[in-house]
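Architecture and fold: a report
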Number of protein chains: 2
Amino acid sequence: MTTEQDLELVTRYQKEIFLLSQTSSLLGWDQQTYMPGKAAQTRAEQISFLSSLIHEKMISNEFFEAVNRLYENKDKLNEDNQAIIRKLYKEIAKSRKLPKEFVEELSKTTSLAHNVWKEAKQKSDFNIFKPYLKKIIDLKRKQTDYIHLSGHPYNSLIDDFEEGMTVEKLQPFFEDLKNKIIDLLEKIESTEIYKSQQKENQKKFPINLQLEFANELAKSLGLSNENFRLDLSEHPFTTSIGLNDVRITTNVNHGFLKNFSSVMHEAGHAIHSIQLPEEYHYTILWDSPSYGISESQSRFWENLIGKGRPFWHYYFPKMDEKFKLNGDFEKWYNTANFVFPGKIRIEADEIHYCMHIILRFELEKGLIEGSIKVEDLPQIWSKKMKNYFGIVPENDSEGVLQDVHWSEGYFGYFPSYAIGSVYAVQLYAQLEKEIPNIEGDIFEGNFERIRNWLNEKVHKHGAKILADDLIKQICGEGLNPNVFIEYLKEKYSKIYQF
Amino acid sequence: MTTEQDLELVTRYQKEIFLLSQTSSLLGWDQQTYMPGKAAQTRAEQISFLSSLIHEKMISNEFFEAVNRLYENKDKLNEDNQAIIRKLYKEIAKSRKLPKEFVEELSKTTSLAHNVWKEAKQKSDFNIFKPYLKKIIDLKRKQTDYIHLSGHPYNSLIDDFEEGMTVEKLQPFFEDLKNKIIDLLEKIESTEIYKSQQKENQKKFPINLQLEFANELAKSLGLSNENFRLDLSEHPFTTSIGLNDVRITTNVNHGFLKNFSSVMHEAGHAIHSIQLPEEYHYTILWDSPSYGISESQSRFWENLIGKGRPFWHYYFPKMDEKFKLNGDFEKWYNTANFVFPGKIRIEADEIHYCMHIILRFELEKGLIEGSIKVEDLPQIWSKKMKNYFGIVPENDSEGVLQDVHWSEGYFGYFPSYAIGSVYAVQLYAQLEKEIPNIEGDIFEGNFERIRNWLNEKVHKHGAKILADDLIKQICGEGLNPNVFIEYLKEKYSKIYQF
């Protein structure tokens with residue numbers, strides 16, 4: 001086989017894998033949005049069959065051998081192809097480390113566990129889910145044996161989401177972040193404003209009005225009906241169905257602010273997806289370098305833009321008019337940014353959010369290394385919540401059962417949320433340095449220079465550059481909690497006047 | 001391989017083919033309903049890739065050989081498996097008659113032709129489409145050579161839609177039907193009522209109200225959110241995504257009556273789909289015996305129920321209240337059934353509809369046997385329209401370009417529409433014989449006995465019985481135009497008073 005033939009074969013395999021994954025994404029999107037209730041069983045079989053086809057292709061000998069040959073002669077390839085082959089080589093090698101029986105067992109177990117988790121959460125009874133979680137953790141521990149990256153066993157799982165990230169790097173980062181957040185929270189909690197703050201009772205608005213608002217908001221950020229759509233689902237998410245087809249969802253049943261945050265967050269993902277370079281489509285580079293970078297894009301719009309004063313200066317009058325709030329801007333801005341220790345990760349404010357992640361990181365690390373037993377989880381969860389948040393969940397459903405991730409076999413995913421939140425702040429700080437008066441743009445609702453800057457710095461590279469290298473290239477340094485903490489201090493010292 | 005092993009393999013193949021087809025149906029549904037505009041190119045690649053996977057499975061040697069072994073020993077199988085193997089044997093043998101290169105060429109040609117047809121229709125210029133249609137007809141003629149069923153070459157195409165149906169049977173049937181319809185139309189056209197009738201200008205209603213109405217209508221027939229949904233699309237259609245997941249669409253931009261007819265029609269398909277026996281799911285029996293039977297189910301609800309007096313007695317007051325029509329029942333019923341010669345098939349009344357089909361049957365037969373040339377089509381179309389309808393299309397877009405079928409390579413499909421319309425009347429006549437006072441049920445909006453009867457007679461057999469045998473089993477005779485004509489006479493002699 002010539003290099004050209006090998007490249008052709010590798011191109012074809014990637015394209016076929018992509019076509020199947022995109023199709024599977026549509027099955028998933030439909031499942032969460034429009035699928036009739038009783039269709040769940042057949043849908044699970046459709047998705048699972050496509051997964052098996054994708055896995056088959058991924059580990060096929062023909063594909064593997066072509067990638068290997070190209071990998072050995074990668075110096076002869078152009079830059080893009082080098083990146084493609086490097087990534088494929090690593091990913092296929094990893095996939096092939098897992099025996100077929102193991103993959104099937106994991107898939108079957110998580111498929112069952114997901115429904116059991118739902119029931120357990122609904123009944124708020126960890127005992128229902130416990131045996132399944134035990135099984136999953138046994139399997140994930142087995143997986144770390146198969147994959148066997150160097151260092152801590154948990155590294156073999158984190159790497160799926162954050163290529164190259166390790167416990168050895170994360171542990172000190174999270175330790176530092178935790179201490180600094182606790183310091184900051186102490187400052188906030190000692191203020192008069194904090195002590196007298198009250199959660200605003202949110203007004204209810206009709207679904208149609210909220211949906212209209214959500215669409216207008218997404219479009220005001222630069223999204224268009226030509227390549228994007230917005231629908232309703234229980235949990236907001238973003239999914240890409242292919243070139244020029246990205247879909248986000250929101251939930252309008254939990255008040256105006258939740259809807260607003262979800263749209264800002266998911267729109268950030270959508271802008272990322274839409275700006276991925278067309279020439280990378282159907283290749284492994286048509287992606288984000290890591291889940292952390294991906295999350296940095298959603299957090300950027302949700303937090304740095306959407307929770308900032310300039311944005312609300314622009315948006316508050318529009319909203320006020322649409323929803324007839326008759327509100328006071330200063331009160332609105334402060335209320336929208338009030339800091340509360342809460343039990344639920346996805347409802348957390350900017351400051352508490354990372355604490356939720358750190359708690360989960362510590363638990364996952366313990367579960368995988370074997371220092372924490374599944375049966376002790378609820379108790380350890382409560383203890384850590386007490387230590388970090390000063391509150392404890394009243395039941396399993398707002399504690400250890402709140403997140404879907406474990407039931408789906410995702411261990412090593414949570415850290416990316418915190419990494420992304422920190423990256424987002426670093427990116428925004430860099431943007432402010434590079435483009436003068438960017439707040440003026442936001443103030444006027446003009447997001448073009450911001451989208452272009454993100455494209456130039458992040459999106460147009462697809463998955464070509466490792467996350468850590470990309471951030472260094474953009475910001476001159478890697479993951480830095482200090483930039484994050486400085487941003488929080490600066491912002492919240494004004495809100496809480498300390 | 002033991003019979004058991006062979007059956008297991010055949011079961012697995014059927015299931016995999018079904019899972020891929022259902023997934024492909026979802027891609028198609030989404031394309032017509034929610035897909036963003038610019039995603040068309042990628043969507044075409046996704047659908048085409050799934051088609052190639054399905055075709056690969058369908059013609060795989062392993063599958064073929066197992067089916068062959070079972071076919072040779074089919075007497076040992078139970079009744080259902082006999083039917084499965086008989087159908088698979090025939091279908092695979094047919095698929096394997098077509099060389100891979102031919103299938104690819106046809107697929108590529110029609111994929112291109114479809115877009116060209118759209119453009120040609122929009123510009124109303126047959127010349128744009130002509131070279132593509134020529135190519136398609138060349139390929140379809142080639143296909144008849146490959147398939148080579150006995151009798152007229154067109155038989156090899158009709159058989160894809162109406163197993164066992166031939167030109168030799170259809171020609172006299174259509175000839176008879178045509179003459180009888182022309183007679184009937186002459187009677188109608190000579191009445192005073194016909195001469196003074198006027199098309200009602202339809203009131204416009206808001207989209208939301210129409211959509212709400214469409215959903216209420218579908219549900220009043222017995223459909224439920226648990227396994228069904230209704231959305232909007234340019235052309236109304238029904239698609240099954242799997243067990244407990246059938247979807248229909250309607251278009252609310254062409255007035256109330258068009259929306260009403262579409263919902264009745266597609267709901268008929270949906271009831272059929274939902275009542276297919278669960279034990280046949282993922283097998284070739286989870287289907288209709290033919291396109292004609294399929295169409296009989298939609299026509300049954302659209303025409304026999306939805307255009308009848310008892311139904312309007314039940315539905316008119318509800319509708320009158322919802323839409324504030326302040327209408328007169330008799331006037332409404334007559335207007336909804338007025339007969340007009342029109343140029344467009346899908347807008348035709350019950351009587352003219354079959355004339356549109358007969359025209360297409362005659363043209364397709366001529367094109368396939370070579371007695372009609374593509375370049376003469378518009379002229380022959382006009383001539384036949386003049387003869388059968390007394391009107392001629394003013395341009396290609398309301399003439400020879402009006403239907404999508406040819407651009408997609410569907411030749412031999414149209415006859416099923418007429419067959420289905422006749423079957424529907426035969427079924428209704430039989431229903432009236434077997435269940436006394438069925439009009440009383442309709443009058444009260446109670447469709448349970450009707451759905452159960454259709455299930456018992458048609459749906460629960462899936463595709464197990466050949467269409468012709470099924471109709472004979474239910475009605476005591478096969479396709480009979482006289483029953484159809486008698487129904488039309490009886491109904492329209494009252495409306496037009498002759």
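Residues numbered from 1 in each chain as written. Chains lettered and ligands numbered in written order. Predicted model: local features only at pLDDT ≥ 70, side-chain atom pairs only at ≥ 80, totals over all residues. Heavy atoms only, no water.

1. Examining the overall build of chain A
Assigned secondary structure in chain A consists of 21 helices and 3 strands. Taken against the 2.2 N^0.38 rule, which gives 23 Å for 498 residues, the C-alpha radius of gyration of chain A at 23 Å falls within 12% of a compact globule. Along the first, second and third principal axes, the C-alpha atoms of chain A reach 70 × 50 × 45 Å. Every one of the 498 residues in chain A was classed for burial, and the buried ones make up 57%. (Helix = DSSP H or I, 4+ residues; strand = E, 2+ residues; numbered from the N terminus. Rg over C-alpha atoms; globule rule 2.2 N^0.38 Å. Buried < 20%, exposed > 50% of the residue type's maximum accessible area, 1.4 Å probe, protein only.)

2. Side note on the interface of chain A and chain B
With 38 residues of chain A at the contact, the number on the chain B side is 38 residues. Approximately 3000 Å² of surface area, both sides summed, lies buried where chain A meets chain B, with 59% of it carried by carbon and sulfur atoms. Between E45 of chain B and K15 of chain A there is a salt bridge, with its nearest N and O atoms 2.4 Å apart. Taken together, the connections running from chain A to chain B amount to 16 residue pairs in polar contact (both at pLDDT 80 or more). The set of elements that each furnish at least two residues to the side of chain A that touches chain B consists of α1 (3-33), α2 (40-58), β1 (228-232), β2 (238-242) and β3 (245-250) of chain A. Top contributing element to the side of chain A that touches chain B by residue count: α1 of chain A, with 10 residues. (Contact = heavy atoms within 4.5 Å. Buried area = accessible area lost by both parts, 1.4 Å probe. Salt bridge = Lys/Arg side-chain N within 4 Å of Asp/Glu carboxyl O. Polar contact = N/O pair within 3.5 Å; in protein donor to acceptor, adjacent residues only side chain to side chain.)

3. Some details on the packing of aromatic side chains
All names here are of chain A. Scanning the model with the defined rule gives 92 aromatic pairs over all chains in all. Relative to Y34, the ring of W29 lies with its centre 5.5 Å away and its plane at 65°, an arrangement referred to as edge-to-face. Each member of the pair, W29 as well as Y34, is classed as buried. Look at F161 and Y413: their rings are 5.0 Å apart centre to centre, the planes differ by 35°, and that puts the pair in the tilted class. A residue pair is termed long-range when its members are at least 10 positions apart, and F161 in the loop between α7 (155-158) and α8 (167-189) and Y413 in the loop between α16 (377-389) and α17 (414-434) qualify at 252 residues. (Phe/Tyr/Trp six-rings, centres within 6.5 Å; stacked < 30°, edge-to-face > 60°.)

4. Describing the side chain of H461 of chain B
Residue position: H461 of chain B is located in the loop between α19 (448-457) and α20 (467-475). Judged by its relative accessible area of 16%, H461 of chain B is buried.

5. Describing the pairing of β1 of chain A
Residues and elements named next belong to chain A. Taken across its 5 residues, β1 has 4 buried, putting it largely inside the fold. Two elements, β1 and β3, share 5 bridges in a ladder whose sense is parallel. Counterpart to R229 in the pairing with β3 is R247. (Pairing = 2+ DSSP bridges.)

6. Let's talk about helix α6 (residues 126-147) of chain B
All names here are of chain B. A rise of 1.5 Å per residue sets the reference length of α6, with its 22 residues, at 32 Å; its end C-alpha atoms lie 30 Å apart and thus fit the reference within 8%. Of all bends in α6, the biggest is about 25°, found at Y132. Along α6, the residues that are buried comprise F126, F129, L133, I136, I137, L139, K140, Q143, T144 and I147. Elements in contact with the buried residues of α6: α4 (79-97), α5 (100-123), α7 (155-158), α15 (350-369) and α16 (377-389). Phi for H148, located one or two positions after α6, is positive at around 55°. (Expected span 1.5 Å × (residues − 1). Bend = angle between axes of the 7 residues up to and from the residue.)

7. Concerning the environment of H405 of chain B
Residues and elements named next belong to chain B. With respect to the element layout, H405 can be found in the loop between α16 and α17 (414-434). Owing to a relative accessible area of 6%, H405 belongs among the buried residues under this scheme. H405 sits 113 residues away from G292 along the chain, and the two C-alpha atoms are 16 Å apart. Those residues within four positions of H405 in sequence are excluded, and the remaining contacts are R345, Y410, Y413, F414 and Y417.

8. Considerations on the sheet that holds strand β2 (residues 238-242) of chain B
Strand-to-strand pairing in sheets goes through backbone hydrogen bonds, with the strands running parallel or antiparallel. Read across the sheet, 3 strands follow the order β1-β3-β2 (chain B) without closing on themselves; strand pairing throughout is mixed. The outermost strands of the open sheet, each flanked by one partner alone, are β1 (228-232) and β2 of chain B. Looking at each pair of strands side by side, their axes are set apart by 25° on average, direction ignored. Relative to β2 of chain B, α2 of chain A is tilted by about 75°, and along the sheet it contacts β2 and β3 (245-250) of chain B. Packing of helix α10 (residues 207-220) of chain B onto the sheet brings it into contact with β1 and β3 of chain B, and relative to β1 of chain B it is tilted by some 155°. (Axes fitted to C-alpha atoms, helices over the stretch in contact; angles between N-to-C directions.)

9. A word on the relation of the copies chain A and chain B
Each copy of the sequence occupies a distinct position, and chain A is placed on chain B by a rotation of 180° and an axial shift of 0.1 Å, giving an RMSD of 0.1 Å. In symmetry terms, the pair is related by a two-fold rotation axis. Most of the interface of chain A is mirrored in chain B, where 100% of its interface residues are also at the interface. (Least-squares fit on C-alpha atoms with pLDDT ≥ 70 in both.)

10. Comments concerning the sheet that holds β2 of chain A
Residue and element names in this part refer to chain A. Here 3 strands make up an open sheet; going across it, the order is β1-β3-β2 and the pairing mixed. The open sheet is flanked by β1 and β2, the only strands paired with a single partner. This sheet shows a mean twist of 25° between the axes of neighbouring strands, independent of strand direction. On top of the sheet, α1 reaches β1, β2 and β3; it is set at about 140° to β2, its chief contact.

11. Quick notes on the confidence of the model for chain A
Here chain A averages 95 in pLDDT, and 100% of its residues register 70 or above. Scoring of the predicted complex yields 0.94 for pTM and 0.94 for ipTM. (pLDDT = per-residue confidence, 0-100.)

12. Quick look at the pattern of salt bridges
All names here are of chain A. Overall, the coordinates contain 86 salt bridges over all chains when judged by the stated rule. We note a salt bridge from D403 to R345, for which the minimum N-O separation is 3.1 Å. With D403 in the loop between α16 and α17 and R345 in the loop between α14 (329-337) and α15 (350-369), this pair connects stretches of sequence that are 58 residues apart. Of the two residues, D403 and R345, both sit in the buried class. Where salt bridges share partners, they join R86, K87, K90, K94, D159, D160 and E163 into one cluster.

13. Remarks on the packing of helix α10 (residues 207-220) of chain A against helix α11 (residues 256-274) of chain A
Residues and elements named next belong to chain A. Running from N to C, α10 and α11 cross one another at 30°; their axes reach a closest spacing of 10 Å. Along this stretch, α10 crosses α11, giving a crossing that reads as right-handed. The residues of α11 that touch α10, namely those facing Q210, F213, A214, L217 and A218, are F256, N259, F260, V263 and M264. Among the residues making up the contact of α10 with α11, the classes are represented as 8 nonpolar, 2 polar and no charged. (Left-handed = near helix turned anticlockwise from the far one by under 90°. Nonpolar A, V, L, I, M, F, W, Y, C, P; charged D, E, K, R; others polar.)

14. A word on the side chain of N227 of chain B
Here N227 of chain B is to be found in the loop between α10 and β1. The exposure class of N227 of chain B is buried, given its relative accessible area of 11%. Leaving out residues up to four positions away in the same chain, N227 of chain B has contacts with P36 of chain A together with N244, D245, V246 and I274 of chain B.

15. Some points on unusual backbone geometry
Residue and element names in this part refer to chain A. Even without glycine at this site, S124 takes up a positive phi of about 55°. Examined against the element boundaries, S124 turns out to sit in the loop between α5 (100-123) and α6 (126-147). Of note in this structure, Q497 is not a glycine but carries a positive phi near 50°. Mapped onto the elements of the fold, Q497 is located in the segment after α21 (481-496). Take Q497: its relative accessible area is 64%, and that puts it in the exposed class.

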